[in-house]
Amino acid sequence: SIRSVGRCFMATSANQPTKRKRRTREEQDERDASRLEEELFGAQHTSDSRVKEGTRSWTQSDGGGGRGEGPTRTPKWEDSDEEELRMDLANGPSRARKLRNDVQEADVSGKEYVERLRRQHQKLHATAVSWAQLPTPGEEEDIAGRIVRGAKDVLAKPKFLPQGSIEATRMRDANMEEPNKAVVQSLEFHPSGSVLMTAGLDRKLRFFQVDGVRNKKLESLHFEDLPVHKAAFSEEGTEVVLTGRRKFFYIYDVASARVDYVAGIQGRDEKSLENFAISRGGGEPAVAFLGNKGYLPLISLKTKQWMGNLKMSGTVRAAAFVPGKTELLTSGVDGMVYTWDLRMRRCIGKALDEGSYKCTSLACSSNGMVATGSDSGIVNLYSHNKGALDLRKTIYNLTTRCDTMAFNPDNQILALASSRKKDALKLVHLPSNTVFSNWPTSKTPLSFVHSIAFSPGSGFLAIGNARGAALLYRLHHFETT
């Protein structure tokens, strides 16, 4: 059974000044401003003349600097000491060392230092400041030219990520405006790429507009009876499924802001629905819950009704849908990986997870790769085809249980983490099957990692930890959009 849960909003009113008092105060402010203006600029300058002068500087070409053609504006003041000043980049703070063009570079002039700071800021915050950049006359293009340029961008070859090292910069925390008051159990980017969802044991679901600068909070919802253990967007981002250690769960409709309560699964006696996998394209949108005794109850996201059950040997511990297909992979304590076809509701393949006696996490990529994490921290990377697994690489960089893994959208990075050990996160370069050695470092303040998410363009990496923070890192190889 489903029922809608409404939300209540409270508004408080404050004593407002009367219209007469407000008008008198505004008139007094105008008189004070006019008096101050006359003292500073002379009696011939009035408020109207200032407005006209400001308009003129944007419309007439003799002033330059506007959208019209004209001479380039020159600075009104220059600091002559900038050329004589020398800034030490080699022995300064880490921020200064990042400004060097070469490792051997020791110092630069003050003017060059300012210019490099400006370039570094534009590099880190390109999306946030691009709206303020005015086009030059040479950048004016007709519609046909823009279409041709867009076609070239689409047909351009993909940009391959080099192995060995990755450039990452920490940005303002994604949930800085309202941090979680408990562990960030789940976080995920909306398919549009600009909105991040966080959820955790503080019973709240939050949405943030992620730009790397402000990361404005958009909305938050409180679930009184559900400490959230897992939350995930549907394939198109129209709904969010929230579960915990309860026999019921919630579905939040993003467009209508409606919360639906689903009171358990018909015919099943599971007392906890805390773990699930959600389909990512291919067939009817569905949710597969990890039930008792190897059962996986299936729920349709369209009808919110039970679709059927899958049954595997032993206890199911991990599940993941193959993106773009109607296939579901599951694994458990028996060390086997099962492949299910949801159209036929039967197992089409079973393979041994080499060297693993208890699988704790699963992740599938859109190009046929599968990663399995074990209780010992060992991660196996396979090529998957019609239920068969071909081992590509075994990764030994984690020493405790691997419980979080995620492929980035273009399948060049695999992120894996353990919540049992502090700062236990690694990024794997998939084309070469090697781990990036330069990041994260021993000084990267990750804490105990519980969730990982890449933005759709891979430009941002979000990390949820035990302190309630959604850390945000900019991966410079990728675009933010």
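For clarity, every value in this text was computed on a predicted model and none was experimentally measured. (Residues numbered from 1 in each chain as written. Predicted model: local features only at pLDDT ≥ 70, side-chain atom pairs only at ≥ 80, totals over all residues. Heavy atoms only, no water.)

Engineer: Tell me about the overall build of the protein chain, residues and numbers included.
Structural biologist: Tallying secondary structure elements over the protein chain gives seven helices and 31 strands in all. Looking at the protein chain as a whole, 42% of its 481 residues qualify as buried. Nonlocal contacts in the protein chain, meaning residues at least 24 apart in sequence, comprise 46% of its contacts between residues at least 6 apart. Within the structure as shown, the protein chain displays about 27,100 Å² of accessible surface, and the carbon and sulfur contribution to it stands at 50%. (Helix = DSSP H or I, 4+ residues; strand = E, 2+ residues; numbered from the N terminus. Buried < 20%, exposed > 50% of the residue type's maximum accessible area, 1.4 Å probe, protein only. Contact = heavy atoms within 4.5 Å. Areas by Shrake-Rupley, 256 points an atom, 1.4 Å probe, with all protein chains shown as cover.)

Engineer: Which residues make up the sheet that holds strand S14 (residues 286-289), and what values do they have?
Structural biologist: Spatial ordering of the open sheet is given by S13-S14-S15-S16, a layout of four strands whose pairing is antiparallel. Taken across any chain shown, the strands that pair with only one partner, and hence form the sheet edges, are strand S13 (276-278) and strand S16 (306-311). On average, each strand axis in the sheet is inclined to that of its neighbour by 20°, with strand direction left out of account. In the sheet, strand S15 (residues 295-300) pairs with S16 via five bridges, with the strands oriented antiparallel. In the sheet register, Ile299 faces S16, and the bridge partner there is Trp306. (Pairing = 2+ DSSP bridges. Axes fitted to C-alpha atoms, helices over the stretch in contact; angles between N-to-C directions.)

Engineer: Which residues make up the pairing of strand S27 (residues 425-429), and what values do they have?
Structural biologist: Among the five residues that make up S27, four are buried, leaving the element largely enclosed by the rest of the structure. Bridge count for strand S26 (residues 413-417) against S27 is five bridges, and the pairing is antiparallel. In the strand pairing of S27, Leu416 is matched with Lys426. With two bridges joining them, S27 and strand S28 (residues 434-435) adopt antiparallel strand pairing.

Engineer: Now, about helix H5 (residues 110-124): what can you tell me, with residues and values included?
Structural biologist: Structurally, the α-helix is built with 3.6 residues per turn, so residues lying three or four positions apart point the same way. For H5, with 15 residues, the first-to-last C-alpha span of 21 Å sits near the 21 Å given by 1.5 Å per residue. Among all positions of H5, only Gly110, Arg116 and Leu124 are buried. Summarising the axial view, the buried residues of H5 lie within an arc of 115°, below the 170-degree limit, and thus occupy one face. (Expected span 1.5 Å × (residues − 1). Arc of directions from axis to C-beta.)

Engineer: Before we move on, could you go through the nonpolar core and cite the residues and values that matter?
Structural biologist: Within the largest apolar cluster, 22 residues are counted, with the highest numbers of intra-cluster contacts made by Ile413, Leu425, Leu427, Trp439, Leu461, Ile463 and Leu475. At the level of elements, S26, S27, strand S29 (449-454), strand S30 (460-465) and strand S31 (470-475) are the ones that each hand at least two residues to this core. Ignoring any residue separated from it by four or fewer positions in sequence, one finds Ile413 in contact with Leu161, Ile166, Ala406, Phe407, Asn408, Leu427, Val428, Leu430, Phe436, Phe454, Leu475 and Phe478. Listed in part, the 18 residues of the second largest apolar core include Met197, Ala199, Leu205 and Ala231. (Core = buried A, V, L, I, M, F, W, Y, C linked by side-chain atoms within 4.5 Å.)

Engineer: Describe the sheet that holds S27, and please don't skip the residues or the numbers.
Structural biologist: On the basis of which strands lie adjacent, the open sheet formed by four strands has the order S25-S26-S27-S28 and antiparallel pairing. Both edges of this open sheet fall to strand S25 (404-407) and S28, since each of them pairs with a single strand only.

Engineer: An account of the layout of surface pockets is requested, with residue identities and associated values reported.
Structural biologist: If a probe the size of a water molecule is rolled over the atoms, the empty space left behind becomes visible. Roughly 1,000 Å³ of internal volume is contained in the second largest pocket. Contributing to the lining of the second largest pocket are 27 residues, with Ser94, Lys98, Gln120, Ala168 and Thr169 lying nearest its centre. For the lining of the second largest pocket, the element with the highest residue contribution is H5, accounting for seven residues. Of the residues assigned to the lining of the second largest pocket, the class counts are eight nonpolar, nine polar and ten charged. (1 Å grid on protein atoms, 1.4 Å probe; cavity = no way out; pocket = protein on both sides within 12 Å on 5 of 7 lines; lining within 4 Å. Points joined across faces, edges and corners; volume = space filled by probe spheres on them. Nonpolar A, V, L, I, M, F, W, Y, C, P; charged D, E, K, R; others polar.)

Engineer: Provide a residue-level description of the environment of Met307, including the pertinent values.
Structural biologist: Its place among the elements puts Met307 in strand S16. Distance in space between the C-alpha atoms of Met307 and Pro297 is 7.7 Å, their sequence separation being ten residues. Met307 has contacts with Glu284, Ala286, Leu298, Ile299, Ser300 and Arg345, leaving out every residue within four places of it along the chain.

Engineer: I'd like a description of the confidence of the model for the protein chain, backed by residues and values.
Structural biologist: Here the protein chain averages 82 in pLDDT, while 75% of its residues score no lower than 70. Taken together, the stretch residues 43-71 has pLDDT below 50 and engages in 26 contacts with residues farther than four places along the chain or on a different chain. Confidence drops under a pLDDT of 50 for residues 152-157, and excluding neighbours within four residues, the segment shows zero contacts in the predicted structure. (pLDDT = per-residue confidence, 0-100.)

Engineer: Go over the environment of Gly308, please, and point to the residues and values.
Structural biologist: Examined against the element boundaries, Gly308 turns out to sit in strand S16. Excluding residues within four positions of it along the chain, Gly308 makes contact with Leu296, Pro297, Leu298 and Arg345.

Engineer: Pulling in residues and values, what's your account of the pairing of S29?
Structural biologist: Most of S29 sits out of view: five of its six residues are buried. In this sheet, S30 lies alongside S29 in antiparallel orientation, the contact comprising five bridges. Looking across to S30, one finds that Phe454 is bridged to Leu461. Connecting the antiparallel pair S29 and S30 is a turn made up of five residues, with Ser458 showing a positive phi of about 70°.

Engineer: Can you lay out the packing of aromatic side chains for me, pointing to particular residues and giving the numbers?
Structural biologist: The full count for this structure, using the stated rule, is ten aromatic pairs. On the basis of an interplanar angle of 50° and a centroid distance of 6.3 Å, the ring pair of Phe207 and Phe233 is categorised as tilted. Taken as a pair, Phe207 in strand S7 (residues 204-209) and Phe233 in strand S9 (residues 230-233) lie far apart in primary sequence, 26 residues in all. Comparing Phe207 with Phe233, the two get one shared label, buried. Measuring from ring centre to ring centre gives 5.0 Å for Phe223 and Tyr250, while their planes differ by 50°; the resulting arrangement is tilted. Here the residue Phe223 occupies a position in the loop between strand S8 (216-222) and S9, and Tyr250 occupies one in strand S11 (residues 249-253), the gap between them amounting to 27 residues. The same class applies to Phe223 as to Tyr250, namely buried. Of the aromatic side chains, those joined through ring pairs into one cluster are Phe223, Phe248, Tyr250 and Tyr261. One residue, Arg268, lies across the ring of Tyr295, its end atom 4.4 Å from the ring centre. (Phe/Tyr/Trp six-rings, centres within 6.5 Å; stacked < 30°, edge-to-face > 60°. Lys NZ or Arg CZ within 6 Å of the ring centre and 35° of its normal.)

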